[in-house]
Amino acid sequence: MDTLINVAHGFGVALAPINLLYCFIGVFIGTLVGVLPGIGPISAMSLLLPVTLSGTPESGIIMMAGIYYGSMYGGSTTSILVNIPGEAASVVTCIDGHQMAKQGRAGPALGISAFGSFIAGTFALVALMLVAPKLASVAIAFGPAEYFSLMVLGLVVLTFLTQGSMAKALLMACIGVVLGLIGLDSITAQPRMTFGRMELIDGIGLVPVVMGLFGVAEVLLNTEQVIRRDIINARITQLLPSKEDWKASAGPMGRGTILGFFLGILPGGGAVVASFASYALEKRLSKTPERFGNGAIEGVAGPEAANNAAAGGAFIPLMTLGIPPNVVMALLLGAFVIHGLQPGPLMITQNPGLFWGIVASMYIGNLMLLVLNLPMIGMWVQLLKLPYNILFPLIILFTIIGVYCSSNNVFDVHVMIAFGVIGYFMRKLGYEPAPLVLAFVLGPMLENNLRKSLILSQGDLTTFVTRPISAVCLLFAVVLLIGPLLPALRKKRELVALDEGA
Amino acid sequence: MDDSSNVKFRLNNSELWGGLIGLGLGIFVIRSGLKLKLGTINDPGSGYVLFYTGILMCVFAATIIVAALTEGGPTFGSRWQNARWTKPAIVIACLIVFAFALDTFGFLLSSIPLTLLLMRLIDPVRWEIAIPVSIIVPAGMWWLLKRALGIQLPSGMFEIG
């Protein structure tokens, strides 16, 4: 009963005209960046992070969340029609989705992808409503040791899932922690690594770092290649899947939804891992696995459902524990912090309007996406023809304006340009920026909880292994750290490794 | 990757340099941690986490260096093979010049040339499109921010904007 009252309260918040507008802007921009290859949700969210300053916390966070799940929807359009993933979670959709389009079945592929995304998104939201308050009540009992170990696990999982060498990913995570610690020490108020610059006393801002590493670096990387687009030009008809399509897709959609939701909750996991896992599962379960790669609708339905369910599931650790499980959620945490809010176990009880409002807006956003993605497919196809030589300079311009507006400080523009150049060379040398950004956000929390646990336990390090939740987290982290040394696990890691920045 | 692009004991082994930079940063972080005082395990000081993070950085960087020396690694040239490296180099140069110009000349006088240059230099946009877009978009954004949101972008020494 309480849940229903809360949901009704949430819809009251989400249906306020201003929040509806922000929700629409979020899902529209999300679909747009999902459709356009080369710009992912991380770049778009980092670009728009300063915009959240102008409105209420609800509006800003509703918009940011809309960009995330909107991009999951939009990404499939480009994958199916152009064979270029609009964002990383849609890589798998290219395999069978584009084959279906080539066989003249672009309509059903787009249709099942949109319906699958909607159904999975709805399931994830219902699960979020039911699971989050319960988990939050458990999380109240978490102490600094549990938080520290959970954050360590989150960072290790992300480094485990990052493409390329794990040593490089771990090095990036360490650099992220160090960057996060620049500025005044929260306990002793001593300035750290500020090099005498007043601008660094408050630390380096999240906005310039993320915009540089993802926005500017992404543009620099894209300018290296001539982006070729092989758009399916045939008229797209019959978007509604047939009865046979539904029959073939129902199982993969259901399995993808559940798998995606749980993978989304796990720290370090997310939509990309979920879509790959779902594709592998469906191929393994299929009686005719040879159809996969040749236009099997199951290969579109499963992963698309999985990535949307994961996008919903990823909100659980952020909302209940205050720990972002991936970079996108780290950006969302940034939006909360900008407004002076700290997501965590107490947020649901202390700020129910915000929590339930965001959840309800996500449901409304899912409905909006269904409307945006099916009848307006022609418009999105036209957008795919937008010339990149005009788009890229404008993205650079918007990042500069965005960074300046977030702090009214030219120094931050310099920081962004520096991180853009660093990010470009990092990517060229095979160092992924995702662990750095997550560690940058978690760094201060990680340090705070480590120091608190040591003070509370009077320097007893066994506090991390005698507390059950902390011990389990650390055990998993150790297994994942040692794992790549074992050939079997190394092979598995290479299979699921992801490029979060894509 | 062919043999010529995978080298071990060579100065152009990009993996080796990546590891060395990581090692240098790690040593710097350890020194910074020590300067800030480590404190004790009962009461960790400001440099405690930095010091141990620095040590971890050195360990991971050393792993990268060892792997680069034993397994080899791609050369710098192979990293940019088949890539139009001049394009990002031009964008980086433009951005560096812009970073210095922004404070001195202000937003409008620095962003209009930047946009125009990027449009002409990445994949040349026709002049008749590039000129109006590079004037209208920065000026439009400046107007919107100043009038609608009350945000003052840098006006520079000429006080334009």
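Residues numbered from 1 in each chain as written. Chains lettered and ligands numbered in written order. Predicted model: local features only at pLDDT ≥ 70, side-chain atom pairs only at ≥ 80, totals over all residues.

**Student:** Would you mind going over the overall build of chain A with me for this structure?
**Tutor:** Secondary structure assignment for chain A yields 23 helices and 2 strands. Dimensions of chain A, computed from C-alpha atoms along their principal axes, come out at roughly 65 × 55 × 45 Å. Residues counted as buried form 62% of the 502 residues belonging to chain A. Contacts in chain A between residues far apart in sequence, at least 24 positions, make up 80% of those at least 6 positions apart. (Helix = DSSP H or I, 4+ residues; strand = E, 2+ residues; numbered from the N terminus. Buried ≥ 20, exposed ≤ 12 C-beta atoms within 10 Å, placed from the backbone. Contact = placed C-beta atoms within 7 Å.)

**Student:** When you look at the overall build of chain B in this model, what are you seeing that I'm missing?
**Tutor:** Scanning chain B from terminus to terminus reveals 5 helices and 2 strands. Taken from N to C terminus, the helices and strands of chain B fall in the order β-α-α-β-α-α-α. In terms of overall dimensions, chain B is more spread out than a globule: its C-alpha atoms have a radius of gyration of 24 Å, far above the 15 Å expected for 161 residues. For chain B, the C-alpha atoms occupy an extent of roughly 55 × 55 × 25 Å along the three principal directions. Burial statistics for chain B: of 161 residues in total, 34% are counted as buried. (Rg over C-alpha atoms; globule rule 2.2 N^0.38 Å.)

**Student:** Explain helix α14 (residues 327–338) of chain A here, please?
**Tutor:** Because each turn of an α-helix spans 3.6 residues, side chains separated by three or four positions in sequence point in the same direction. All names here are of chain A. In a regular helix each residue adds 1.5 Å, so 12 residues correspond to 16 Å; α14 covers 16 Å between its end C-alpha atoms and thus fits that length. For α14, the buried fraction is high: 10 of the 12 residues fall into the buried class. Those residues of α14 lying buried are Val327, Val328, Met329, Ala330, Leu331, Leu332, Leu333, Gly334, Ala335 and Phe336. As for α14, its buried residues are in contact with α3 (41–48), α4 (57–82), α9 (206–223), α13 (315–321) and α20 (434–456). Looking one or two places after α14, you find Gly340, whose phi comes out positive at around 75 degrees. (Expected span 1.5 Å × (residues − 1).)

**Student:** For this particular structure, what's the right way to read the interface of chain A and chain B?
**Tutor:** Accessible area lost upon the coming together of the parts is a frequently used measure of interface size. If you look at the interface, chain A gives 48 residues, while chain B gives 52 residues. Breaking the side of chain A that touches chain B down by element, the ones donating at least two residues are α8 (166–181), α9, α18 (388–407), α19 (410–428) and α20 of chain A. Considering only residue class, the side of chain A that touches chain B consists of 30 nonpolar, 11 polar and 7 charged. (Nonpolar A, V, L, I, M, F, W, Y, C, P; charged D, E, K, R; others polar.)

**Student:** I keep staring at the domain arrangement of chain B and nothing clicks. Help me out?
**Tutor:** The domain architecture assigned to chain B consists of domain 1 (3–79) and domain 2 (86–148). Between the C-alpha centres of domain 1 of chain B and domain 2 of chain B there is a distance of 37 Å. (Domains from an automatic or database assignment.)

**Student:** Even after reading the chapter, I still don't get the environment of His9 of chain A, so can you show me in this structure?
**Tutor:** All names here are of chain A. Along the polypeptide, His9 turns up in helix α1 (residues 2–14). Its 16 C-beta neighbours within 10 Å are what place His9 among the partly exposed residues. Taking C-alpha positions, His9 is 47 Å from Arg291, a pair spaced 282 residues apart along the chain. Every residue in contact with His9, bar those within four places of it in the chain, is listed here: Pro352, Gly353 and Trp356.

**Student:** I keep staring at the packing of α4 of chain A against helix α12 (residues 298–313) of chain A and nothing clicks. Help me out?
**Tutor:** Working note: a packed helix pair is described by the angle between its axes plus the distance between those axes. Residues and elements named next belong to chain A. Between α4 and α12, the shortest axis-to-axis distance is 9 Å and the interhelical angle comes to 170 degrees. As summarised for this structure, α4 and α12 are arranged roughly antiparallel, according to the angle between their axes. Listed contacts from α12 to Tyr68, Tyr69, Met72 and Ser76 of α4 are Glu304, Asn307, Asn308 and Ala311. Its residues assigned to classes, the contact of α4 with α12 comprises 4 nonpolar, 3 polar and 1 charged. (Axes fitted to C-alpha atoms, helices over the stretch in contact; angles between N-to-C directions. Parallel < 35°, antiparallel > 145°, perpendicular 65-115°, else oblique.)

**Student:** Help me out: how do you make sense of unusual backbone geometry in this one?
**Tutor:** Residues apart from glycine generally show negative phi values, whereas peptide bonds are mostly found in trans. All names here are of chain A. Residues other than glycine seldom take positive phi values, yet Met193 does so here, at roughly 50 degrees. Note that Met193 resides in the loop between β2 (191–192) and α9. By C-beta crowding, Met193 is classed as buried, having 21 other C-beta atoms within 10 Å. In this model, Phe195 sits at a positive phi of 55 degrees, which is unusual for a non-glycine residue. Relative to the helices and strands, Phe195 is located in the loop between β2 and α9.

**Student:** Explain the environment of Met100 of chain A to me, please; I cannot follow it from the model alone.
**Tutor:** Residues and elements named next belong to chain A. Tracing the sequence through the fold places Met100 in helix α5 (residues 91–102). Accessibility expressed as a C-beta count within 10 Å gives 25 for Met100, which makes it buried. Between the alpha carbons of Met100 and Ile80 there is a distance of 7.8 Å; along the sequence they are 20 residues apart.

**Student:** Any chance you could explain the packing of α8 of chain A against helix α2 (residues 48–71) of chain B here in plain terms?
**Tutor:** It is at 9 Å that the axes of α8 of chain A and α2 of chain B come closest, and there the two elements cross at 155 degrees. Taken together, the axes of α8 of chain A and α2 of chain B lie roughly antiparallel to each other. Both α8 of chain A and α2 of chain B take part in a crossing whose hand is left-handed. In this structure, α8 of chain A uses Ala167, Lys168, Leu170, Leu171, Cys174, Val177, Val178 and Leu181 of chain A to contact α2 of chain B, whose residues at the interface are Val49, Leu50, Thr53, Leu56, Met57, Phe60, Ala61, Thr63 and Ile64 of chain B. Split into classes, the residues belonging to the contact of α8 of chain A with α2 of chain B amount to 14 nonpolar, 2 polar and 1 charged. (Left-handed = near helix turned anticlockwise from the far one by under 90°.)

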